[in-house]
Every structure is written in C-alpha cells, then in structure tokens.
Amino acid sequence: MFPWVYGFEWSPGYLIFLGVFYTVALVVAGAMVFAVWRSFRTVQRGAAGEVMWHAAFEDLTPAERACRHAVMGELPGRVCDNGFDCRGCRMHLRLLYAGGPDGAYGVPEAVEICGLRLPLDRYYHRGHTWVRHEEDGSLVVGLDELGRRLAGEPGAVEMPPAGMALRVNEPAFRVRRNGVEARILSPVDGTVLGPAEGEGLIRVRPAEGFSTVHLLRGGEVKAWMQHELERLQLALSAACGAASLADGGAVPEDLGRRLGGREYDTACGLAFLDV
Amino acid sequence: MVERLDEAWIARGLRRAPFHRFLLWLAPWAAMLVLGAWAIFLCLRDGLFHTNMDNRYVFGLWIFLDLTVIALGAGAFFTGFLLYVMRKTELRAVINSAVVLGLVCYSGAVLILAVDVGQPLRAWFTFYHPNVHSMLAEVTFCITCYLTVLLIEYVPVLLRNRKLKAKPSMLVLEWNLHKVMVVFALIGTLLSFFHQGSLGGLFGVLRGRPFAFREGLLIWPSTFFLFVLSAMAAGPSFVALTTWLAEKAARRRLVRDEVYQTLGRVSGWLLLAYVFLKSLDTLLWINRTAPERGFPAHRFYEYGGAFGTWVLFAEIALLGLVPAALLLKPEWRARRGVMIAAAAMACLGVTLNRFIFTIQTLALPTMPFDRLLLYWPSWQEFAAFGFVVAYGVLLYSFSYRYLTLFPQERELAMAEARR
C-alpha cells in the first residue's frame, strides 16, 4: 500500500491501481471536508435560518408552493421557485406594476372566511403571520386568525427576545402545545423591540431597505386563506384520515383542543410551513 | 408514551402504520436476524467447517448471493448517475430509496464476505498488502470505497429526519452534502463500474474452467463488460420492484407513474443491449472459446437437471429478451402488472446469471476423472444470509418509517384525498 510496506513494487500495475485508489479516497475525503467546512461557515455567519427555510420549502409539495398569482387565478398552475420571497421575483414585480394584486392596503376593512376574520389594514405572510405599520414607524407582527386558533392561548407562543434580529422566512416564534413544537417564520427583516400590545405579538424596528413586496395584501388575502384552508384540510385527510378542520363551515376557536395530537401536529406543521 | 415518541420521529403529513403493527412486522425479521447472528458467530469462532463449502466448492451460496445483491444494488449507483449526471430529475422521487437499497446490498455483501474470508481481525491485510494483479483486490478496494460513498450518501437522507433536521447545524450539513452529491454520484459510478466488472472478470479469467473462461478486450474478458451491463440493466428494475413492494406494504402510492416509466424504459434498453451482447458472447464461446479449450460446449449441458440447456434459454430468452420486450413497448410498460412482472424477470435473470457463474462453474468437471459435484448449503450458510436479508428489511423498514424515502408520498396522498 505504501512504498515502505512489504510487497510494494514500483511497477505500472501498482502505480496505476494505488494511484486510482488514492485519487478516489482524496476526492471523497475532499468533498466531505468541503461540505463540513461550508456548513461550519454557514452556521458561523448566522445563515443557518436561510438554509433551514430553503430545505423546508423544498419539502413542500408543488401545490403548497403555488405562486400567489396562481392562487389569485392570474397565472394558473404557476409554482413559486423563490421560497415565497417575491422581492427578487421578476414576474411578481411585472404584475405588480401592471396593476396585479389589489393594493388596497390601509383600508380598515376585513374579509371573513369560515369564521376567520382577516383585517385588510395589514400585510400577510404565507406562514400565517401578519405585519402592520405603526404611526411611530415601527411594525407590529402577529399571528393571523388561523395561526392564533392553532396556537391557542398566548402562553403557547415563545417570543423572540428584544434586540434579536429577524429575517424574512427565518424562525421568529415557536409554538409549544399538546406536546407539539413548531417554528413560526418571520414576515419581515428587522429588530425586535419588545412585546406588542393588543392583537399583535411583537413590535419590530424595520431593517434598512424594508419592503413588503413579498407579503400578501388586499384582494389576495381571501383567495389565499381559502387556498390555505383547502390545503390544510387535504393534508389532514391524507395524513390522519377523517380529521376535519372546519366544524359546520367554521374553523373552531381553539383548534388545539379540537384536533387530536397527531392531527394538531400535522395542522401546525403545515400551517406554519414547518413540514 | 412510546407511541408519542414514535410519532415525534415521523415526518409531518405522512401516514404510518400504528406502532404496535410496526413492531409485529419487525418481530419475524428480528428473529431471523438473531438466528443469523448466531450462525455468523459460529462461523467466525470455529471456521468454515460449519459450511458445506470445501476445496472444490470454494464459492457457495454466500458468493452467489453476494454477486446477486451487488448486481441488484447497482440500482443505487445507476439511479444516482441517471439523476445527477443524466439529469433525469423525475428519479429524485426514488433516489433516497435507491441509496438505502444500495447501502443494504453493499453492507450485507461486505459482511458476508468478511464471514466467508474469516479472520476479521486481519481484514486490514487485504488493504495493506494488496495483490494488484488480482481481480479480487480491485473488488475489495472498490466495494469498500463504494460502501463508504453509500454511507456518505445515506447521511443526508438520515439528517432529513424530523428530529434531526430541527437542529440547524444538521440541516445545514445535509444541505451542503447535497451540493456535492454529484461528486459522490460520479465516484460511485466509477467504483461500481470497476467492481461489477471485476466480479465478472474474475470468472472470465478462470483458464482452468472452460465453462466460465471468456476471451475479451486487452486484459478484460467479456464477462467484465457483461457483468457491468447486466447490473446496470437490472438495477433500475430492482428499484422499480422494491418501490412497488413498498407501495403494496404501505397500501398507498409513493411515486408518480412517470418514475416507473423512466425506470422501465432505461432498464428495457439496457437489457436489450445486454441480451444482444450476451448472445454474441455465447455464440463465440460455443463456437470458438470452449472448443479451443478442449470442451465442445454441449458437454457442459449433458448433466441435465438444474444445469441443462434450459438454463441457457431461461437466462437469455425467458429472463432477458422477454422482459426487455415488455419494458420497451410503451403500451405494455404502462400496465403496472406487466411492468412489475418484467422488472421481476429482469432481476431473476441477473440472479440466474450469477448462479450460473458461481455454482454451475464449480459444479462442472474439468478433468476426465472428475464428475459433476453437487452442493447444498448448510443451515449456517442459509442463516447467515438470512441475517443479511433481515438486516436489509429492518433497515429499509426503519428508513421508510422515520425518513423521507419517497418525497412524492405526501403530494400523492393529498391528491388521493382530493378525490
């Protein structure tokens, strides 16, 4: 195996055989070291959350990755390949400037679907959180009605500490209930200022260049929630049999109490995009 | 309590059998594993006299089944090659399953080889003092390296487990391993090509056994290339067959139809190429190679029974040409029953080929005073191989339950629920 080992010969046969073997061993070891080193660097520079989201996004089915414009019926069948981050999506920007999604943000109205009331004075994230501008320039982030009914009592949601930097699609909150744990994604880039009063969960100072392009608004909200309820119902039926999300056409106030352990786990994971 | 723990390891949105039913499924395999472990212990402690192999029958059940599982395990490298190099992206749906199958096949083969060779504490001698002129040295090095590659390929599948991926560092490692997976796919292809070939080559160079001896190209006898090609042809069929069996066991669809179609089509074309080359090789062997060695080919089939001419017919026509035709005609391939029957026939064909080269080669006389030698394995040989089968079923069952072997499963279940 080595020149100093008994039996080794400086012959073409030995050199070719061992040369190929050492090359293979080096390539395999090199690729492994490269992967481990890149992982170490990724964790060190705090980009693990981004990778986690991309991995989770990959695990979603094509139907779950439906583009917001597909949900609205503008581009039927289109699947998002940007990780629900429309800020870099040319198609979305083109449609936005062409008068695509209804920009009715700020209208203090609400839509209601299956007993879920969704005010339109805020932006919605596809992981069931919302963002609202406050007069002092800060943002309030909270769970939408479906998210709130899944999380149940406020104590079940673990808040990020003040001063923590949030990034879009990276974990911000954590739900712990009925032995189930799920992370909830941040809808915005910014820094946590502290808990919010009223219906929100936290107040956030937006990051420089803050944008809401990736968030749902106005006329999109109802179509999206309808799509979400259908998706969750299908997923629940597929994973747990006959479990039903809505009771008599309305989603119950406390879903955590209504659904069994496995159903609740499935519903939480799928709603918060934590499959 | 145990059920809750079990559920916490199962991916969200996937339906799995209740834990107690899973335990019932595991029980017979676990018993088989224990019996096999006892047989392996006996062989390692006392030596090979526990087996029915002897100086004439140096290759028995173990080597025959080793060659078979390695050929079927080619489904792993070849699926990886098709996916990462040939960009057959639809095969992403079965790549994880193929990796587990490959790992089971290769680790099982290495284990049985270790028992067969014996003296495991001196296994390192093979690597430290290699005889590079021996095909077996190449086989040993390639199988060990490829097993390492398969273990590395299994790591990302493992790290996608629900509990493990909750740890950011694990998921990041999995993500980055995926980025370099094409390197492992290429290395796996290279290693598989050479050791599949060398396994065939080591029969083709047996000058003292005209039944196996073949002419070839440069230093490689024709069996080198035929073993590679037959493994490449049977591998996708084996992946399709195991996927179908998993679907039957799970009672739900796990992959889309297009996956079966791609696997069947690839397998069909390769099988056709193999049958063509194998026929040419056989004609050459009958008309030139064997007579030149002093044996007219018909002499090898005089003994009838398990070693009659029907074996040749079954290997080339019944389990080669017929499944190739079934897999190549789109209308037939589209019928799941036909497709799976053809895949099973292709796998049986490669199994018969390995049987012929290991068992029939050694059974046939080579000297005028020799006679046909028959061999029946001891219970220890059966049990030791049963260990590998049980280990394979257990590893696959655990992987199916707790990992995502079929990424399309959830999507198909939702489509089913929509209906």
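**A few points about the sheet that holds strand S6 (residues 157–158) of chain A**
All names here are of chain A. Ordered by their spatial adjacency, three strands build an open sheet running S6-S8-S9, and the pairing between neighbours is antiparallel. At either margin of the open sheet sits one strand with a lone partner, and together these are S6 and strand S9 (180–185). Set on the sheet, helix H8 (residues 261–271) makes contact with strand S8 (171–177) and S9; between it and S9 the angle comes to about 15°.

**Observations regarding the interface of chain B and chain A**
The interface is formed by 38 residues belonging to chain B together with 39 residues belonging to chain A. Counting only elements with at least two residues in the side of chain B that touches chain A, the list comes to helix H1 (2–9), helix H6 (124–128), helix H7 (135–159), helix H9 (168–179), helix H10 (181–204) and helix H17 (409–418) of chain B. Counting residues per element, the side of chain B that touches chain A draws most heavily on H9 of chain B, which supplies eight residues. When its residues are assigned to classes, the side of chain B that touches chain A shows 23 nonpolar, six polar and nine charged.

**Side note on the confidence of the model for chain B**
In this model, chain B carries a mean pLDDT of 92, and residues with pLDDT of at least 70 account for 100%. Reported confidences for the modelled complex are a pTM of 0.91 and an ipTM of 0.87.

**A word on the sheet that holds strand S4 (residues 129–133) of chain A**
Residues and elements named next belong to chain A. The sheet built from six strands is open, its strands ordered S3-S4-S5-S11-S10-S7 with antiparallel pairing. With one partner strand each, in any of the chains shown, strand S3 (123–125) and strand S7 (165–166) form the two edges of the open sheet. Judged from the five bridges that link them, S4 and strand S5 (residues 139–143) form a sheet pairing that is antiparallel. When the bridges of S5 are listed, Val-131 appears paired with Val-141.

**Topic: H9 of chain B**
For H9 of chain B, spanning 12 residues, the distance from its first C-alpha to its last is 17 Å, which sits close to the expected 16 Å at 1.5 Å a residue. The set of residues buried in H9 of chain B consists of Met-170, Leu-171, Val-172, Leu-173, Glu-174, Trp-175, Asn-176 and Leu-177 of chain B. In the core, the buried residues of H9 of chain B are packed alongside helix H1 (12–44) and helix H2 (48–59) of chain A together with H7, helix H8 (162–165) and H10 of chain B.

**So, the packing of H7 of chain B against H9 of chain B**
Residue and element names in this part refer to chain B. The N-to-C vectors of H7 and H9 enclose an angle of 135°; their axes lie 9 Å apart at closest approach. By the criterion of interaxial angle, the relationship of H7 to H9 is oblique. Viewed along their axes, H7 and H9 form a crossing whose handedness is left-handed. For the pair formed by H7 and H9, the contact residues are Val-155, Pro-156 and Leu-159 on the first element and Met-170, Leu-171, Leu-173, Glu-174, Leu-177 and His-178 on the second. Within the contact of H7 with H9, the residues separate by chemical class into seven nonpolar, one polar and one charged.

The rules behind each value
Residues numbered from 1 in each chain as written. Chains lettered and ligands numbered in written order. Predicted model: local features only at pLDDT ≥ 70, side-chain atom pairs only at ≥ 80, totals over all residues. Pairing = 2+ DSSP bridges. Helix = DSSP H or I, 4+ residues; strand = E, 2+ residues; numbered from the N terminus. Contact = placed C-beta atoms within 7 Å. Axes fitted to C-alpha atoms, helices over the stretch in contact; angles between N-to-C directions. Nonpolar A, V, L, I, M, F, W, Y, C, P; charged D, E, K, R; others polar. pLDDT = per-residue confidence, 0-100. Expected span 1.5 Å × (residues − 1). Buried ≥ 20, exposed ≤ 12 C-beta atoms within 10 Å, placed from the backbone. Parallel < 35°, antiparallel > 145°, perpendicular 65-115°, else oblique. Left-handed = near helix turned anticlockwise from the far one by under 90°.

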